[in-house]
Amino acid sequence: MDPTLYKAAVEGNTGEGDDFLPKLTGDEEIGYQFTQKGNTVIHVAALYGHSDFVQRVLTISPALLCRQNKKHETALHVAANEGHAEVVRVLLSEGQREAKQLMMRKTDDKGDTALHKAVRKRHFGVVTLLVKEDPDFEFPANSAGETPLYLAVESNFLDALREILRYCNRPSYSGPSQRNPMHAAIIFKYSECINLLWQWNKSLCEEADQWGWNSLHYAIKLGSKEVVSDLLGWKKSLAYITTGNGDDWTTTFHIAANEGYVTIMKELLKHCPDCWEMLNSQGQNALHIAILNKKKKVVKFLLNSPEYLSLIDETDNDGNTPLHLLAASEYCEQELIKHPRAKNMAFNKKNQTPQDVAMSAKWTPSKGIMITHLLRIGRFGGRDVKIRLKDKKKPMTENEKEKRKEEDEKMKDKVMTVAQTHLVVATLIVTITFAAGFTLPGGFDSNPGPNQGMAILIRKAAFKAFVYTNTIAFVCSTGAVFSYFTMAARAVLLLTKNHQSLILLYVLATHLQLLAMAALVLAFVTGMFAILAHSMGVAVTAIGCISFLIYFCMLYMVFNWKSYLYIPAAKLKRL
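Residues numbered from 1 in each chain as written. Predicted model: local features only at pLDDT ≥ 70, side-chain atom pairs only at ≥ 80, totals over all residues. Heavy atoms only, no water.

Summing up its helical and strand segments, the protein chain has 30 helices and 2 strands in all. Taken across its 575 residues, the protein chain has 43% of its residues classed as buried. A separation of at least 24 residues holds for 71% of the contacts in the protein chain among residues at least 6 apart in sequence. Counting only carbon and sulfur atoms, one obtains 56% of the accessible surface of the protein chain, whose full area is about 30,600 Å². (Helix = DSSP H or I, 4+ residues; strand = E, 2+ residues; numbered from the N terminus. Buried < 20%, exposed > 50% of the residue type's maximum accessible area, 1.4 Å probe, protein only. Contact = heavy atoms within 4.5 Å. Areas by Shrake-Rupley, 256 points an atom, 1.4 Å probe, with all protein chains shown as cover.)

Below, the structure written as structure tokens:
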């Protein structure tokens, strides 16, 4: 573009009288002046908001009104995007009606009209001018599926939404993923937008997006009780519309149960008292869903409501009752386990009872607690036992045998490696406790008489406790050493095909060693008590409390002692 012309457009300099751009006064000459982006002189003037300059140029070259740059933008696009309402007014006042309508309806390379840009940038004055100028235009969606009406709702541009609904006769309202503005208003919880759309077109609530979700589904998922109440008050049949595609769909009652919204479930039951009977594509009821998603409030609500108790023993497409699903999860709901209607001998399609399912699932501390509760009120299914016995008789292939052998060898090596470290600790404890047994706190009585050679503090309670705990530590640590010795002997002699005996010995030695270490700590503490009888405060605070606190924290962090207690049972179950 000519530097003089470009500078004049940027500054909005129209000159005076007939001295307007003296070197460029012809229509043809101005029309062929472009920037690197393909902008004409009125694109540049519109960018900087010079309405007088735009008007003067258009009187010389009216053809520039609909000229597009390399992004297919007209000067109206540029002015609308920048919010220059006066430039927009000038552009809309120039030219014939057909030319203005053509300019209004032109789209850029993204499918945006000028109204798209004005709404996106929240320029209310420009929005008003555009919708008034062409009220019969529907303003269709751009290449991203966005209409100006949808953009106004999604950005909560309430004033623009009012203007569009007021002046446009039949505006398009679609959004991305086949959503409509009511979807967006409910998802973002824009209550005023919801009210405006509700007054304008209630049927928006029935339309589904590409995933089959309508406005009621989203209102339930997001816990908007007032919206749910209004929608069901208008049309109760919405509660029975399923959502999803193909073979994977669910219902409104299931959505509420999945999110844990008891109040929404009550609202659905208030308008549609039979909706609790609905099943999803897997044949699961609301209690199944609540169990799967660990929604305790929903489970409690359904179990404490007599009219919904039949949900407890209903089976899904795989024959699983809610108790089967509970047994497979890490969630333990005792109220369901102990309920009279929870039939523990109910078999699913794999011939498994809830106890069988729990035993076959991954072992965790909570799973151990659940199995304990289940065993108190039921028993294992006979069918499943027969199947498992039959499976064990099947011959193993060579690859399976080799893989099993490798796994057993790895387990053996791991156990023996850990046992070597434990053996050092056990031997150290034996040495310490043995020495402590003959080097007693307070020393021995060296005075001639019947008590010569006896411990001086033998009558003190703390000294007696020291003797007991030191003895326990010695016996347990020697027992651990013996167990490790036996493990080594069995490993060398290969007295067993599997390593169950090694695991048993390892478990025994580990527990003995833990007990020995605890007893050693107690022996030290009680021995210090015995010799610090006259400084009991020091003994209690500095020795007793601090020692136990440190060792307890170490035991918890290093061994995670709660789950550690379940390790032996899990290992033995596998073997």
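Next, the rest of the story.
Here helix H4 (residues 51-60) crosses helix H6 (residues 85-93) at 20°, and the two axes come no closer than 9 Å. Of the possible angle classes, the one that applies to H4 and H6 is roughly parallel. Where H4 crosses over H6, the handedness of that crossing is right-handed. Contact residues: Ser51, Val54, Gln55 and Leu58 in H4; Glu86, Val87, Val90 and Leu91 in H6. In terms of residue class, the contact of H4 with H6 is built from 5 nonpolar, 2 polar and 1 charged. (Axes fitted to C-alpha atoms, helices over the stretch in contact; angles between N-to-C directions. Parallel < 35°, antiparallel > 145°, perpendicular 65-115°, else oblique. Left-handed = near helix turned anticlockwise from the far one by under 90°. Nonpolar A, V, L, I, M, F, W, Y, C, P; charged D, E, K, R; others polar.)

Two elements in contact, helix H9 (residues 124-133) and helix H11 (residues 158-167), have axes separated by 10 Å at closest approach and are oriented at 10°. It follows that H9 is roughly parallel to H11 by the angle criterion. Where H9 abuts H11, its residues Phe124, Val127, Thr128, Val131 and Lys132 lie against Asp159, Ala160, Glu163, Ile164 and Tyr167. When the residues that make up the contact of H9 with H11 are grouped by side-chain class, the tally is 6 nonpolar, 1 polar and 3 charged.

Where charged atoms from two side chains of opposite charge approach closely, those side chains can pair. Across all of its chains, the model carries 12 salt bridges by this definition. Two residues, Lys117 and Asp108, come together in a salt bridge whose shortest N-O distance is 3.2 Å. For Asp108, a relative accessible area of 6% puts it in the buried group. Beyond isolated ion pairs, a larger network of salt bridges with shared partners links Glu73, Asp108 and Lys117. (Salt bridge = Lys/Arg side-chain N within 4 Å of Asp/Glu carboxyl O.)

Turning next to the UniProt feature "repeat: ANK" (unreviewed entry) in the protein chain. Per the UniProt annotation, the sites labelled "repeat: ANK" (unreviewed entry) are residues 71-95, 110-142 and 282-314. A helix fraction of 68% and a strand fraction of 0% characterise residues 71-95, whose end C-alpha atoms lie 23 Å from each other. Counted over residues 110-142, helix gives 52% and strand 0%. Its end C-alpha atoms are 6 Å apart. (UniProt positions renumbered as here; feature names shortened; annotations may be inferred.)

A few words on the nonpolar core. Leu76, Leu91, Leu130, Leu161, Phe253, Leu268 and Leu302 are the most contacted members of the largest nonpolar core, which totals 112 residues. Here this core gathers at least three residues from each of two domains, domain 1 (1-106) and domain 2 (309-378). Every residue in contact with Leu161, bar those within four places of it in the chain, is listed here: Leu149, Ala152, Val153, Cys193, Leu196 and Leu197. (Core = buried A, V, L, I, M, F, W, Y, C linked by side-chain atoms within 4.5 Å. Domains from an automatic or database assignment.)

Right, let's get into helix H17 (residues 262-271). Each full turn of the α-helix corresponds to 3.6 residues, which orients residues three or four apart in the same direction. Judged by how many residues are buried, H17 sits mostly within the fold: 7 of 10 residues are covered. Those residues of H17 that are buried are in contact with helix H14 (215-221), helix H15 (225-234), helix H16 (252-259) and helix H19 (296-303).

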